[in-house]
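# Summary of the model geometry
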Amino acid sequence: MSVQTFRKTPIALAITTAVTMLIATNLQAGQIVTDAPEGEALKTAVNTPNQQFGFGGWDLSNISVNIVSVEDFATVTGSYNPADGSYTSMVLGDSFESVITTGGEVRGLLHGKDWPTGEPSGIKIINGDLETKQGRPENCIMTTSYLDNGGPTLCSSPFQSHKRFKINLQPTTVAGVEAGLGSPVEISFNLKEGDTSTQRYQVLQKINNYTGKRLNGYSIEVFDAEGLPNPELTVSIGLGENPSNGDEPATDIWDIESRANFSHGLWGPIDQHFDSNGFFDSTRVYYTPAVGSNSISYAGPMLGGNYQELFGNWLPSIWEPTGVFHDDDFNPLTDATLKAFWGDPLKTGTNAWHKGNEDNWEIATEEDLLTWSGDWYAQGPVEDVLNLGVNYIVNVGDNTAIGNKFTIRITPSVDSDQVEPAYVADVAPEPGYDESEGIVVVDITPIPEDEPDSEEVTDDETVVEDDTAAEDDAVVEDDTIVEDDVVAEDDTVVEDDVVAEDDTVVEDDVVAEDDTVVEDDVVAEDDTVVEDDTVVEEPAVAARPEEELVLEGSALITVGVADNDLNTDPLARETVEIAVTSDHGETEMLTLTETDINTSRFIGYLNAHASNEATVDNDGKLNLNKHTNLKATYVDNKYGEQTTPETVETELAIEVAELPAETETSSSGGGSFNTFLIMLLGTLGIRGLFARRKLRANNTK
């Protein structure tokens, strides 16, 4: 990144001095109420079971906090006490929803992370976080979530630590509005009495479009206890608020692309957090809000990447596109990766399953769709197209003048273009295969190694601080994407929206295990077993082309067959048995189970790991040496009108990066394998729950 330098003028010196004085304001002045400790004590703060951390600042007089099931966000599973922030015990599958009433009607639904990462009520107040950098306030208004180590997330917590609360704007905010500003959602905050100095609060927030109408912007305003603008209560977007270390003028906290933007995982370049370009575009998508003394607003076209070209301006949930997602780290608690979406990016007039921009919008093949039919894949809404991450600061002054309470008012701006995208009426097809020609695929997903905790730092002790506009940006949902409040130095635009600070924290999102296996316990039908005498020299049907992958540890091998002739009972999940062989002489007979009734797609799994151990046939796992070629063979007993069995094969080339030291093995497969099998099956037991949670498409949420 190039950094421009400027000679300081008397005016610049005055601005720098004023900003520095503002940032250095006493921590005890102008504060919002909270029960969280401050300063040094905040660094070692821990949560109390069934008690919200950072309670007391959010005024709950117009809020109803509900503990609900993630299945439907309607079934009540517990209760929250607004008087003290306590709540009944929560279990896996519980979440919360805070209903915001404004003007006598429900206008917003506030969400954070589901339990155990998040807790009700959804907003907490942090004062005196001494670890914030680059001009960001030491105080913040953020969501109620926790780090992997059990401690609460703070203003300065690391990348993807889920700091943003999300307000789903409801249809009542745009009722009767054809274009322009609608009706606001209001959230209020209690101030400590008697403070007279200014205190800065960063608001870590997303605005999500569940209004039922296309939007083209938003307005955020702050008002005192009387509902009026007040010179003691202002807003800013970080312009000139990052003080310099020397004689240079102060710089902006957030560059122009970071003040209000959409998911980096969908629209963004490769950077230190993302090893690939965004699914839809490598260019950020954003709005450029204007700022007044008590307001921030924008109404106009989407800027930057190709969002508006693909979908029009800011989509409502009723028009969100459908995608195919892969849970590639085998952890239902993290965001899944978008593999394809249903639409027409090339403007051909025909919708189809398309891969991303980096793949030139290639249409997914039947082999791709078969590979994406496994337990670790799911079809659902691409929710992050709805979610606008905003960065702004509220400056709170003399509480006696403000009235010991202030309100943030969020109002959507309705776009004049309300044309429905063509893919909405042309609903994405359910998974299925209706051809007589059998196909077979084999795929491999590396199992990620355990990563360091969020508390660990890299050797150079650098920390990347990210409160960004795209917190959970990964590409699904909820919550995705990717939090990284970035700072542009000296008016330089930073393409990736993230500037490393003096200290940088390692990510901690991925839960990894060593050996993985998922095997179906279904016995194959006799007539589907591969018979040696039916194998022919050449495959009769073209299979997936040979691929090569470099493996560094354990992996999950997915094997799939699609053949409509196998679907003899449309009311039952059927099975087929196929052979998987390696060129080192190992053979595994694998039972594949239909992905659902009447889909004609069959999936099965094998555990694989880099090993010098001797191979054992049919032990439920594959040992992969330095160079290994896997072959999956399926005998298609009926091919169109033919009744002579035909052989369908596909191969996968695997390069092992580094083999572990040779250890003794046994035909049972080893204790670690069996232990991990039990763990994985336990995860699979709850996976459906999380898939529904992460990919739900409830238009009122």
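For the structure itself, look to the data block above.
This write-up is about the structure you can find in this document.

### Let's talk about the overall build of the protein chain
Counting its secondary structure elements, the protein chain contains 7 helices and 35 strands. Split into buried and exposed, the 701 residues of the protein chain put 58% on the buried side. As displayed, the protein chain has an accessible area near 27000 Å², and 49% of this comes from carbon and sulfur atoms.

### Remarks on the pairing of strand S23 (residues 387-396)
S23 sits mainly inside the fold: 10 of its 10 residues count as buried. Burial along S23 is two-sided: Asn387, Gly389, Asn391, Ile393 and Asn395 facing one way and Leu388, Val390, Tyr392, Val394 and Val396 facing the other are all buried. Examined bridge by bridge, strand S11 (residues 199-209) and S23 share 10 bridges and lie antiparallel to one another. Bridging across to S23, Val203 finds its partner in Tyr392. Bridging between strand S13 (residues 233-236) and S23 involves 4 bridges; their strand directions are antiparallel.

### Description of the pattern of salt bridges
For side chains of opposite charge, pairing can occur when their charged atoms come near one another. Tallied over the entire structure, the rule returns 14 salt bridges. Close ionic contact of Lys192 with Glu38 constitutes a salt bridge, the shortest N to O distance being 3.5 Å. With a gap of 154 residues between them, Lys192 in the loop between strand S10 (185-190) and S11 and Glu38 in the loop between helix H1 (10-23) and helix H2 (40-43) connect regions that are remote in the sequence. Classification of Lys192 as partly exposed rests on a relative accessible area of 26%. Owing to a relative accessible area of 22%, Glu38 belongs among the partly exposed residues under this scheme. Measuring nitrogen to oxygen at the nearest pair gives 3.5 Å for the salt bridge that ties Glu362 to Lys355.

### Some points on the sheet that holds strand S21 (residues 352-354)
The strand order across the open sheet built from 4 strands is S21-S20-S19-S22, with neighbouring strands paired in antiparallel fashion. Strands with a single pairing partner mark the edges of an open sheet, and in this sheet they are S21 and strand S22 (377-381). This sheet shows a mean twist of 30 degrees between the axes of neighbouring strands, independent of strand direction. The pairing of strand S20 (residues 337-343) with S21 spans 3 bridges and is classified as antiparallel. By the bridge assignment, Trp342 is partnered in S21 with Trp353.

### Details of the pairing of strand S5 (residues 105-111)
S5 sits mainly inside the fold: 5 of its 7 residues count as buried. Taking the residues that link successive antiparallel strands as the turn, the strand S4 (residues 94-102)-S5 hairpin has 2 residues, and the phi of Gly103 there is positive, at about 60 degrees. Strand direction decides the pairing type here: S5 and strand S8 (residues 165-169), joined by 4 bridges, are antiparallel. Bridge pairing in S8 places His111 opposite Lys166.

### A word on the packing of aromatic side chains
What the rule picks out here adds up to 21 aromatic pairs. Judged by centre distance (6.2 Å) and plane angle (90 degrees), the rings of Phe159 and Phe274 are edge-to-face. In this pair, Phe159 is assigned in the loop between strand S7 (139-142) and S8 and Phe274 in the loop between strand S14 (260-261) and strand S15 (285-286), connecting sequence segments 115 residues apart. Its relative accessible area of 1% is what places Phe159 among the buried residues. Taken together, a centroid distance of 5.1 Å and an interplanar angle of 45 degrees make the contact between Phe262 and Tyr307 tilted. With Phe262 in the loop between S14 and S15 and Tyr307 in helix H3 (residues 307-311), this residue pair connects regions lying 45 residues apart in the sequence. Neither Phe262 nor Tyr307 differs from the other in exposure class; each is buried. The residue whose ring lies beneath Lys124 is Tyr146, and the NZ or CZ to ring-centre distance is 5.9 Å.

What counts and what doesn't
Residue numbers here run from 1 along each chain, matching the order of that chain's written sequence. Totals for whole chains, interfaces and linings use every residue, but because this is a predicted model, local features are given only for residues with pLDDT of at least 70 and side-chain atom pairs only at 80 or more, for both listing and counting. Side-chain measures here rest on the full set of heavy atoms in the structure, leaving out hydrogens and waters. Numbering of helices and strands runs from the N terminus, with a helix taken as a DSSP run of H or I at least four residues long and a strand as a DSSP run of E at least two residues long. Summary of the burial criterion: residues with accessible area below 20% of their type's maximum are buried, those above 50% are exposed, and those between are partly exposed, where the area comes from a 1.4 Å probe applied to protein chains only. Accessibility throughout is a Shrake-Rupley quantity obtained with a 1.4 Å probe, and a residue counts as covered only by protein chains that appear here. Should DSSP find at least two bridges between two strands, the strands are taken to pair. Each reported salt bridge corresponds to a side-chain nitrogen of Lys or Arg within 4 Å of a carboxyl oxygen of Asp or Glu. Lines fitted to C-alpha atoms define the axes here, with helix axes fitted over just the stretch in contact, and angles between the N-to-C directions of these axes take values from 0 to 180 degrees. Aromatic contacts are taken between Phe, Tyr and Trp rings whose centres are within 6.5 Å, Trp giving its six-membered ring; a plane angle under 30 degrees counts as stacked, one over 60 as edge-to-face, and the others as tilted. Whether a charge lies above a ring is judged from NZ of Lys or CZ of Arg, which has to be within 6 Å of the ring centre and within 35 degrees of the ring normal.

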